[in-house]
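Here's the letter readout for the chains.
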Amino acid sequence: MKWKDLIRRHTVSGGMILKLEACKRALACRRVSQVRIVGGAKTDGLLSAANGGKGPGTRVLPAYPANAKIAS
């Protein structure tokens, strides 16, 4: 689901909108393939996410990955 749809449907609000905007900017530069939003409440959650674990957090992927071929 696109981030604008999440906002329109009130699935996300407040500070999460700002986080999604930051994810969008990071992914737009095409130097990162994904972004993970991780809260600090769970012990070792950030460490697990940084090491590629399937731990806590929200994984944000680009609509079109950098290596995808888009038909023109």
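Residues numbered from 1 in each chain as written. Predicted model: local features only at pLDDT ≥ 70, side-chain atom pairs only at ≥ 80, totals over all residues. Heavy atoms only, no water.

Draft legend 1. Seen up close, the overall build of the protein. Along the protein, the regular secondary structure elements total three helices and two strands. If you list the helices and strands of the protein from N to C, you get α-α-β-α-β. In the protein, buried positions account for 15% of the 72 residues. Within the protein, contacts between residues separated by at least 24 positions form 30% of all contacts whose residues are at least 6 apart in sequence. (Helix = DSSP H or I, 4+ residues; strand = E, 2+ residues; numbered from the N terminus. Buried < 20%, exposed > 50% of the residue type's maximum accessible area, 1.4 Å probe, protein only. Contact = heavy atoms within 4.5 Å.)

Draft legend 2. Structural context of unusual backbone geometry. The phi dihedral of His10 is positive, around 60 degrees, even though this residue is not glycine. Relative to the helices and strands, His10 resides in the loop between α1 (3-8) and α2 (15-28). Residue classification places His10 among the exposed positions, given a relative accessible area of 69%.

Draft legend 3. Examining the nonpolar core more closely. Formed by Leu6, Val12, Leu20, Cys23, Leu27, Val35, Ile37 and Val60, the largest nonpolar core amounts to eight residues. Looking at this core, the elements with two or more residues in it are α2 and β1 (35-37). Considering each element in turn, this core owes the most residues, three residues, to α2. Other than its neighbours up to four places away in sequence, Val35 contacts Cys23, Ala26, Leu27, Thr58, Arg59 and Val60. (Core = buried A, V, L, I, M, F, W, Y, C linked by side-chain atoms within 4.5 Å.)

Draft legend 4. Representation of a positive patch on the surface. Positive charge collects at one region of the surface, where Lys2, Lys4, Lys24 and Arg25 lie side by side. By secondary structure assignment, the location of Lys4 is in helix α1. (Patch = residues over 30% accessible without salt bridge, like charges linked within 9 Å, V, L, I, M, F, W, Y side chains within 5 Å. Areas by Shrake-Rupley, 256 points an atom, 1.4 Å probe, with all protein chains shown as cover. Salt bridge = Lys/Arg side-chain N within 4 Å of Asp/Glu carboxyl O. Lys, Arg positive; Asp, Glu negative; His and termini not counted. Charge placed at Lys NZ, Arg CZ, Asp CG, Glu CD.)

Draft legend 5. Examining the pattern of salt bridges more closely. Evaluation of the coordinates by the stated rule reveals one salt bridge. Asp5 is the partner of Arg8 in a salt bridge, and the nearest nitrogen-oxygen pair spans 2.7 Å. Here Asp5 and Arg8 lie together in helix α1, a separation of three residues that amounts to about one turn. Since its relative accessible area comes to 56%, Arg8 is described here as exposed.

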